[in-house]
Every structure is written in C-alpha cells, then in structure tokens.
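A closer look at the structure
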Amino acid sequence: MCHYTSRAAALALLVGALACSDRPPGTAPDAPPGAPDALSAATRPELLARSLALALGDPAFRAHVKAELDRSPFREHKLSFQRFLAAGAGGGGALAAMARRSGLATADLAGAADRAIPLEMYLPVPAHRRGWTGDANVLVATAVADHDPPVAFDLQGNRQLLDAEPPPATPVIAVVPVETDFSAAPAAIECLSCGGFFPWPPPPPVAPAVPGLYLSKAHFVDDFEGWLKGSPEFEIHILGQKAQTDSLTDYQCAGERQPAPYYFDQNALDWSGSVMLFSKVQLDAYNAAHPGQNIRVFVVEDDDTACEIKANRDIVGNLFKAVDGAYKALTAGNDSSNTVAKLFKRANAIQKLWAAVASFINTNDELVGTAVEDAVVGISYPGYNWIVKGENNATNGWLGLAMK
C-alpha cells in the first residue's frame, strides 16, 4: 500500500509540475493524476521531456546522452527517443535513470513512453549542436505541432515556454514527433566526438539517363520549419487529374526518402543538382489517360509522413484558387518538346480541388506552393524558370525545370 501511495504521490507531483505555468495554445487540459496512461496525448511528451531533463541533472547521464547524440549516424544526430529509452532497460539504462530522478516507477515511465506518439530527440539548432559540451547549461523542450511555443524544462524540472520563432541562447534538446526513418541505414556523417569527419548530407545519387521532367535548381524564401523541428524536409509532388473527376491527386513525389532517380534532399534555402520529378513514360501514360489535362508541380515542407500530403482540402483549394485567379489558370505544365529543344512549358490548369482523405484534416505539412512558369508570372531569376506561388499568391521560391 505504501508503495502504491508513493507512486501516486510522485505522479501527482509530476502532473502538477506540468500544470504550473502557462500552457501553449492547443494543449489539452491537465489529466488527473494516478497513472501515466491517464495523461493526455499532448501532456505525455511533456512528462517524458521533464523526466529527461531531471535525469540530465546527473553528470554521468549527461555524458551518456552527449555521447549517444554525437555518435548517431542519422541526419542532425537524431535518436529515436523510445529506442533510446529501451536500450539497457534491464539494467541501469536511460529509462531507469529517468525514473530514479523523476521519482516514478520504471514501469510507469515505460508505459508513458509506449503510449506516447513516436518521438525523436536531438539538438535541432546547429549552433547548439556544435556548442553543447555535455554541461548543465541545457534545456529539454517539446512541442507536438510545428510553430507551437515549445514547452521547456531545466534540470530542476521547472517548466517554461520558449519563443516559437527565434531559439534561445541556451542549448535545447528537443523531444518531438518523429520525422526520421530510423529503419533505414543512414549515410555517414560528421562525428562530433570521435574527431572524424564525413560529409553530410551525402551527395545526391547520380540520376540514370531516363527521359523525363527534371529539377536542376531550387530556392525558397523560407525554410517553413519551426526551430524546434530542425532542418526542413522539402518535397516536390506531381499532381494531376484523379480518374475522370474534377479533383487532383498525387502521382509522384521527389523527397529524401525516395529511391533514385526521385531522391531529393534539400536542407537549406538553396539546392542544385539533378532529380527527376516525373518520367517521360509516366507523363505519356498520364496524357493518354487524361487527354487535355495537365500536371501541377507542387512543393510541400513535410513535417509528418514522407511523401504523403496531409492537408485540409479547403486550404489547398484556396491556394489554387488564388494562384489560378491571378494567372488565368495558366498554372500547370506539360511536355512541349520539339525537334529543336526539350521544354516543359505552361499549360492550363483545369482541376482545382485537392482530393484529400478528409476535409477536416489539420495538417502539419507546410504548403509552400504551386509552380507557375516565370513568363506567366512576369518575373524571372537567372537559372530558374518556374516560380513557386503560395497562399495569397505569395512568392515562396523558384525552380529550374526542364524536360531531358
């Protein structure tokens, strides 16, 4: 009975700590104390982040976390949070250390981690990654949705809200929803602790000589990513007519988790290289099945499932409506090659409705915009020929597109 009472008291203290300062917008109300599985989905990552922060009060545990982050072979030195907790769980692993420092039973903390959404941990700000030596000057922060004010904990477990835009000077370890495919074998990266250096990101694979629509350059005016979520994950989608309806669907995606020749990994505002967006075979098949229709080149900063647009169809539809209205629907493209040159030129966009799974989806994906040929927009940039137009017809970037 005393054991149960002490566990309940520890849980009550933790839940109370999570409620002791202003909650960020959209966070669910506090759940009643009693067990971690009674906590809300929004509160559970906070409990885990606070437990990690408390454990980091131990210099030996901080050194362990620093070493694990440094040796991570994934981009931005990310770790799967649940996998990190499970390592050495039978002995003195991370889960046991966090439970000891937070006053929770290991089984209770493990249950909270199991019931939480998949999480990853890393230092998302490059300057923090380079500058943190494993000392006590560090915070642990979490946020479920991009651009939400991060909820942070110091090593005493005190809760505070951070600015959603500029990061703080204090290094921050993020515990956030997973964006990384931890099942794939990562490429070698810079090793911060072992003195070695391997370039990251790796050079893009050489695209095979397959005819099709290719991207050679891309520039975006913003990374469309909150600082707690690290580097952006830009994707380029080819949208076209869904069957014989008046709606659009996704035919092909170029992104960081796609195989060559559709592998595309842009982690800064500028990129150059060669990536195929749509093969000639795909385009010919599309034109045969959809005579008189054309394709849209659509750019997304993906915060969730790779190469899957999770978007409210009304928001996407309003974006298309604004851009199409500004340029008389000359906002699609098609193969206009002739005997002299291979060209991807403007064409009429007929479909304007996005066939989302449901109209009520609240997306984490940032809709960067739909590409419009520069001659239609009336502006040009050297080396680029298509302009990315976003919500309210804002110019969000420019692309170099060509048939090869």
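In this report, the structure presented in the accompanying data block is examined. No experiment lies behind these values; they were computed from the predicted model shown. (Residues numbered from 1 in each chain as written. Predicted model: local features only at pLDDT ≥ 70, side-chain atom pairs only at ≥ 80, totals over all residues. Heavy atoms only, no water.)

1. Regarding the overall build of the chain
The helix and strand tally for the chain stands at 10 helices and 17 strands. Buried positions account for 50% of the 404 residues belonging to the chain. Once local pairs closer than 6 in sequence are excluded, the contacts in the chain between residues at least 24 apart make up 69%. Surface summary for the chain: the accessible area is close to 17000 Å², and the carbon and sulfur share equals 57%. (Helix = DSSP H or I, 4+ residues; strand = E, 2+ residues; numbered from the N terminus. Buried < 20%, exposed > 50% of the residue type's maximum accessible area, 1.4 Å probe, protein only. Contact = heavy atoms within 4.5 Å. Areas by Shrake-Rupley, 256 points an atom, 1.4 Å probe, with all protein chains shown as cover.)

2. Some points on unusual backbone geometry
Between Ala260 and the following residue, Pro261, the backbone shows a cis peptide bond with an omega angle of 10 degrees. You can see Pro261 is positioned in the loop between strand E9 (247-254) and strand E10 (270-279). Positive phi values are uncommon outside glycine, yet His77 reaches one of about 55 degrees. The residue His77 is located in the loop between helix H3 (59-71) and strand E1 (79-80) in this model.

3. Things to note about the sheet that holds strand E14 (residues 353-354)
If you trace the nine strands from one edge of the open sheet to the other, you get E10-E7-E17-E16-E15-E11-E8-E9-E14, paired in mixed fashion. Lying at the two open borders of the sheet, with one neighbouring strand each, are E10 and E14. With seven bridges connecting them, strand E7 (residues 212-220) and strand E17 (residues 395-403) associate as antiparallel partners. By the bridge assignment for E17, Phe220 is matched with Gly397. Most of the contacts of helix H8 (residues 280-289) go to E10, to which it runs at about 50 degrees, and overall it touches E7, strand E8 (234-241), E9, E10 and E17. With respect to the sheet, helix H9 (residues 313-326) is in contact with E8, E9, strand E11 (296-301), E14, strand E15 (366-373) and strand E16 (386-389), its orientation differing from that of E15 by roughly 30 degrees. (Pairing = 2+ DSSP bridges. Axes fitted to C-alpha atoms, helices over the stretch in contact; angles between N-to-C directions.)

4. Structural notes on the nonpolar core
Judged by nonpolar contacts, the single largest core of 35 residues is most densely connected at Leu48, Leu52, Leu56, Phe61, Phe81, Met121 and Ile173. Contributions of two or more residues to this core are made by helix H2 (43-55), H3, helix H4 (81-86), helix H5 (94-102), helix H6 (106-115), strand E2 (119-122), strand E4 (151-153) and strand E6 (172-177). Of the residues forming this core, the biggest block, six residues, is contributed by H2. Excluding residues that lie within four positions of it along the chain, Met121 makes contacts with Leu52, Val65, Leu69, His77, Lys78, Leu79, Phe81, Phe84, Ile173, Ala174 and Val175. In terms of nonpolar packing, the next biggest core, distinct from the first, is built from 27 residues, Leu213, Leu215, Phe278 and Tyr286 among them. (Core = buried A, V, L, I, M, F, W, Y, C linked by side-chain atoms within 4.5 Å.)

5. Topic: the packing of aromatic side chains
The full count for this structure, using the stated rule, is eight aromatic pairs. Aromatic pair Tyr251 and Tyr286: ring centres 5.1 Å apart, planes at 80 degrees, arrangement edge-to-face. With Tyr251 in strand E9 and Tyr286 in helix H8, this residue pair connects regions lying 35 residues apart in the sequence. With relative accessibility at 31%, the residue Tyr251 sits in the partly exposed group. On the basis of relative accessibility, which here comes to 3%, the residue Tyr286 falls in the buried class. (Phe/Tyr/Trp six-rings, centres within 6.5 Å; stacked < 30°, edge-to-face > 60°.)

6. Comments concerning the sheet that holds E1
Taken together, the six strands give an open sheet; going across it, the order is E1-E2-E6-E3-E4-E5, and neighbouring strands pair in mixed fashion. Looking at which strands have only one partner, the edges of the open sheet turn out to be E1 and strand E5 (159-161). Pairing of strand E3 (residues 139-142) with E6 involves three bridges; the strand directions are parallel. From the neighbouring strand, Ala141 faces E6, where its bridge partner is Ala174. Packed on one face of the sheet, H2 meets E2, E3, E4, E5 and E6 and runs near 170 degrees to E3.

7. Description of the packing of H2 against H6
One way to put it is that H2 packs onto H6 with a least axis distance of 9 Å and a crossing angle of 130 degrees. Of the possible angle classes, the one that applies to H2 and H6 is oblique. Handedness of the H2/H6 crossing: left-handed. Of the residues in H6, those touching H2 at Arg44, Leu47, Leu48 and Ser51 are Leu109, Ala112, Ala113 and Arg115. The residue inventory of the contact of H2 with H6, partitioned by class, reads five nonpolar, one polar and two charged. (Parallel < 35°, antiparallel > 145°, perpendicular 65-115°, else oblique. Left-handed = near helix turned anticlockwise from the far one by under 90°. Nonpolar A, V, L, I, M, F, W, Y, C, P; charged D, E, K, R; others polar.)

8. Overview of the state of the cysteines
Applying the stated rule across the entire model yields one disulfide. Between Cys253 and Cys307 runs a disulfide, and the two sulfur atoms are separated by 2.0 Å. Residues Cys253 and Cys307 are joined through a disulfide that is left-handed, its torsion about the S-S bond being -65 degrees. With a gap of 54 residues between them, Cys253 in strand E9 and Cys307 in the loop between E11 and H9 connect regions that are remote in the sequence. Classification of Cys253 as buried rests on a relative accessible area of 5%. (Disulfide = S-S within 2.5 Å.)

9. Things to note about the side chain of Ser80
Tracing the backbone through its elements, the reader meets Ser80 in strand E1. Judged by its relative accessible area of 15%, Ser80 falls in the buried class. Among all residues touching Ser80, those that are not within four sequence positions of it are Leu119 and Phe182.

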